[in-house]
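# Reading the structure
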Amino acid sequence: MSNIPSTRWPDSTLALLTEGYEFISKRCQRYNTDMFKTRLLLQKVVCMRGEEAAKIFYDNQHFKRHGAMPQRVQKTLLGQGGVQGLDGEAHRCRKDMFMSLMSPARIDLIGQLTAKHWREAQKSWQTQEKVNLFVEVNLILCRAACEWADVPLVEAQVKPFTEELVAMIEAPAALGLRHWQGRKARDHAEERLARLIEDIRSNAQPTGEQTAARTMAFHKDVNGNLLEPRIAAVELLNILRPIVAIGRFIVFSALALHEHPPYRQKLQTGDEQMLTHFVQEVRRYYPFFPTVAGIVKQAFSWQGYKFPKGRWVLLDLYGTNRDPRLWERPNEFRPERFESRDINSFNLIPQGGGDYHQHHRCAGEWVTLEVMKVALHALTQEMEYTVPPQDLSFSLSHMPAIPKSRFIISDVQAKPGNL
Ligand code: HEM
């Protein structure tokens with residue numbers, strides 16, 4: 001039995017901040033290993049990447065999630081008391097609630113709502129000189145998410161609420177003001193949604209059957225109790241916030257279309273298979289969630305290495321999606337790779353791996369795929385636009401990544417036969 005290879009420097013927090021998404025994979029390559037140990041934020045941690053590492057990470061016998069997320073992530077992105085920090089039966093019960101919202105009819109509906117709000121927004125883009133696609137798509141998705149979840153949203157709330165959701169997404173790795181804006185946004189949004197949950201329970205606020213707001217309001221935990229209003233609010237935000245987060249993948253889709261024009265032509269023909277492959281490749285290739293975190297439940301050994309009880313462990317999502325053993329020429333954007341590449345629960349993991357019900361794999365993966373497809377359909381078949389000169393580069397040390405210019409378009413017009 002040997003010790004896990006260790007970094008030269010005792011604490012790697014600074015290296016993580018400067019290398020960002022590539023921090024883990026660079027060291028795995030350097031030490032010719034799939035895992036290494038170091039300290040982050042002064043805490044001992046094992047970093048792992050690859051398909052085999054994902055399989056062990058999602059083994060509930062070995063890892064738990066309670067306490068795995070740093071406070072700064074809980075206070076901004078995730079909230080406290082939500083599904084991400086639950087284990088065992090409590091997790092399964094809460095996760096079933098999320099998955100009950102993901103029926104084919106509900107997935108279809110979020111697609112229709114996205115298309116409806118996109119069409120509305122596109123009308124106004126046609127009268128504007130320049131359009132910031134990132135800002136606009138976030139507004140579209142906030143409207144669609146609230147309508148889908150049955151969360152009331154008057155016109156005056158659309159912009160401030162969208163900005164709150166975006167602030168939560170951008171805050172975890174941010175320093176200074178941007179981090180504090182995320183905390184403030186979360187507090188404010190949780191308070192408003194907790195009041196909504198109480199109004200739904202007292203019938204002061206009517207809601208549709210099977211909507212997220214109603215489901216969260218009346219969900220009972222493993223002990224048969226309703227959730228605390230503030231925790232139900234955290235879970236409702238676990239629906240609204242990530243739907244808005246899909247805006248980043250949509251901007252990266254627009255970037256990919258811009259940088260690889262032949263795919264635009266293929267998608268314009270309505271090639272459904274290419275649409276699916278393109279969406280998968282955007283999720284594989286572009287950076288979003290860098291890692292997921294767990295804690296060793298009981299000491300165990302794996303591949304000849306000892307994992308002590310209580311050790312913090314990070315699984316590299318970005319690095320696994322670009323692992324050269326899994327993906328031929330991983331640093332090239334090539335949707336057609338999916339024509340011959342089987343994907344399983346552990347090799348393509350932009351939204352986590354494992355099983356939806358048993359593990360912490362993202363509950364919204366099907367929603368994400370559907371919304372991205374609707375957006376790509378709009379970008380390639382319903383509108384024409386120009387991409388003026390701008391700085392479309394993005395930094396891998398900025399998490400979550402986004403092109404510097406956010407993607408500006410101009411001369412927006414409806415394609416003949418649309419609108
Ligand atoms: C931009 C698209 C998205 C990305 C990149 C993303 C990514 C992730 C990741 C990495 C996880 C953690 C997996 C783990 O801990 O093992 C996660 C969990 C989760 N996601 Fe997403 N997600 C996205 C969209 C969505 C959407 C649209 C929804 C809901 C409609 C959603 C709801 C959730 C929930 C509820 C969890 C917690 C699952 C659990 O702890 O069991 N996500 N997501």
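Residues numbered from 1 in each chain as written. Predicted model: local features only at pLDDT ≥ 70, side-chain atom pairs only at ≥ 80, totals over all residues. Heavy atoms only, no water.

The chain is annotated in an unreviewed UniProt entry as Cytochrome P450 from Alteromonas pelagimontana. Per UniProt, the chain carries the Cofactor (unreviewed entry) text "heme". (UniProt positions renumbered as here; feature names shortened; annotations may be inferred.)

In terms of regular secondary structure, the chain is built from 15 helices and ten strands. The C-alpha atoms of the chain give 21 Å as radius of gyration, which agrees with the globular expectation for 419 residues (22 Å, within 12%). Along the three orthogonal principal directions, the C-alpha set of the chain runs to about 65 × 55 × 40 Å. Looking at the chain residue by residue over its 419 residues, the buried ones come to 56%. Taking the intrachain contacts of the chain between residues at least 6 apart in sequence as the baseline, contacts between residues at least 24 apart amount to 73%. Accessible surface, the chain: about 18400 Å² in total, of which carbon and sulfur atoms supply 51%. (Helix = DSSP H or I, 4+ residues; strand = E, 2+ residues; numbered from the N terminus. Rg over C-alpha atoms; globule rule 2.2 N^0.38 Å. Buried < 20%, exposed > 50% of the residue type's maximum accessible area, 1.4 Å probe, protein only. Contact = heavy atoms within 4.5 Å. Areas by Shrake-Rupley, 256 points an atom, 1.4 Å probe, with all protein chains shown as cover.)

In the vicinity of the ligand lie 30 residues, with Y58, R65, H91, H360 and C362 positioned nearest. Contact between the ligand and K95: an oxygen atom at 2.9 Å from a side-chain N or O atom of the residue. For the ligand, an oxygen atom lies 2.7 Å from a polar atom in the side chain of H360. Taken atom by atom, the bulk of the ligand overlaps the largest pocket. Broken down by secondary-structure element, the contributors of at least two residues to the shell around the ligand are α5 (88-99), α11 (229-259) and α15 (365-382). (Near = heavy atom within 4 Å. Polar contact = N/O pair within 3.5 Å; in protein donor to acceptor, adjacent residues only side chain to side chain. 1 Å grid on protein atoms, 1.4 Å probe; cavity = no way out; pocket = protein on both sides within 12 Å on 5 of 7 lines; lining within 4 Å. Sits in = over half its atoms within 2 Å of the grid points.)

Coordination of the iron atom of the ligand by the protein comes from a single atom, C362 (SG), at 2.3 Å. Looking at where C362 falls in the secondary structure, it is placed in the loop between α14 (317-321) and α15. (Donors = N, O, S within 2.8 Å, 3.2 Å for Na, K, Ca; no water.)

Across all of its chains, the model carries one cavity of 30 Å³ or more by this definition. Each pocket or cavity is described by its volume, and for the largest cavity that value is around 40 Å³. In terms of lining, the largest cavity is formed by R283, Y286, P287, F288, F289, L317, Y318, N321 and P350. At three residues, α14 tops the list of elements feeding residues into the lining of the largest cavity. Considered class by class, the residues forming the lining of the largest cavity number seven nonpolar, one polar and one charged. (Points joined across faces, edges and corners; volume = space filled by probe spheres on them. Nonpolar A, V, L, I, M, F, W, Y, C, P; charged D, E, K, R; others polar.)

To continue, consider the side chain of R361. Following the sequence through the fold, R361 ends up in the loop between α14 and α15. In this structure the side chain of R361 is engaged in a polar contact, spanning 3.4 Å, whose partner is the backbone oxygen of S345.

Further remarks concern the packing of helix α4 (residues 71-78) against helix α9 (residues 177-201). Two elements in contact, α4 and α9, have axes separated by 7 Å at closest approach and are oriented at 55°. In terms of their interaxial angle, α4 and α9 are classed as oblique. Facing R72, Q74, K75, T76, L77 and L78 of α4, the residues of α9 in contact are H179, G182, R183 and R186. For the contact of α4 with α9, the residue count by class is two nonpolar, four polar and four charged. (Axes fitted to C-alpha atoms, helices over the stretch in contact; angles between N-to-C directions. Parallel < 35°, antiparallel > 145°, perpendicular 65-115°, else oblique.)

Let's shift gears to the sheet that holds strand β1 (residues 35-40). Within the open sheet, the five strands sit side by side as β1-β2-β8-β5-β3. Their pairing is mixed. On the outer flanks of this sheet lie β1 and β3 (63-64), each paired with one strand and no other. The pairing of strand β2 (residues 43-49) with strand β8 (residues 312-316) spans five bridges and is classified as parallel. Bridging from a neighbouring strand, C47 pairs with L314 of β8. On top of the sheet, helix α2 (residues 23-30) reaches β1, β2, β5 (291-296) and β8; it is set at about 130° to β1, its chief contact. (Pairing = 2+ DSSP bridges.)

Roughly 990 Å³ of volume is contained in the largest pocket. Lining of the largest pocket is provided by 46 residues; of these, L78, Q84, N238, R241 and F289 occupy positions nearest its centre. Looking at the lining of the largest pocket, the elements with two or more residues in it are α4, α5, α11, β5 and α15. Looking at which element gives the most residues to the lining of the largest pocket, the answer is α11, with eight residues. Per-class residue counts for the lining of the largest pocket are 26 nonpolar, 16 polar and four charged. When its volume is computed, the second largest pocket comes out at roughly 730 Å³.

Attention shifts here to unusual backbone geometry. For the peptide bond that leads from M399 to P400, omega is -5°, which places it in the cis range. Even without being glycine, R406 reaches a positive phi, approximately 70°. Note on placement: R406 falls in the loop between β9 (383-386) and β10 (408-414). The exposure class assigned to R406 is partly exposed, which follows from its relative accessible area of 27%.

Looking at where D355 falls in the secondary structure, it is placed in the loop between α14 and α15. For the pair D355 and V387, spaced 32 residues apart in sequence, the C-alpha to C-alpha distance is 40 Å. Side-chain polar atoms of D355 contact the backbone nitrogen of H357, separated by 3.0 Å. At 2.8 Å, the side chain of D355 and the backbone nitrogen of Q358 are in polar contact.

This part is about the environment of K55. By the secondary structure assignment, K55 is in helix α3 (residues 51-57). Accessibility expressed as a relative area gives 37% for K55, which makes it partly exposed. Taking the C-alpha atoms as reference, K55 lies 9.3 Å from N347; in sequence the two are 292 residues apart.

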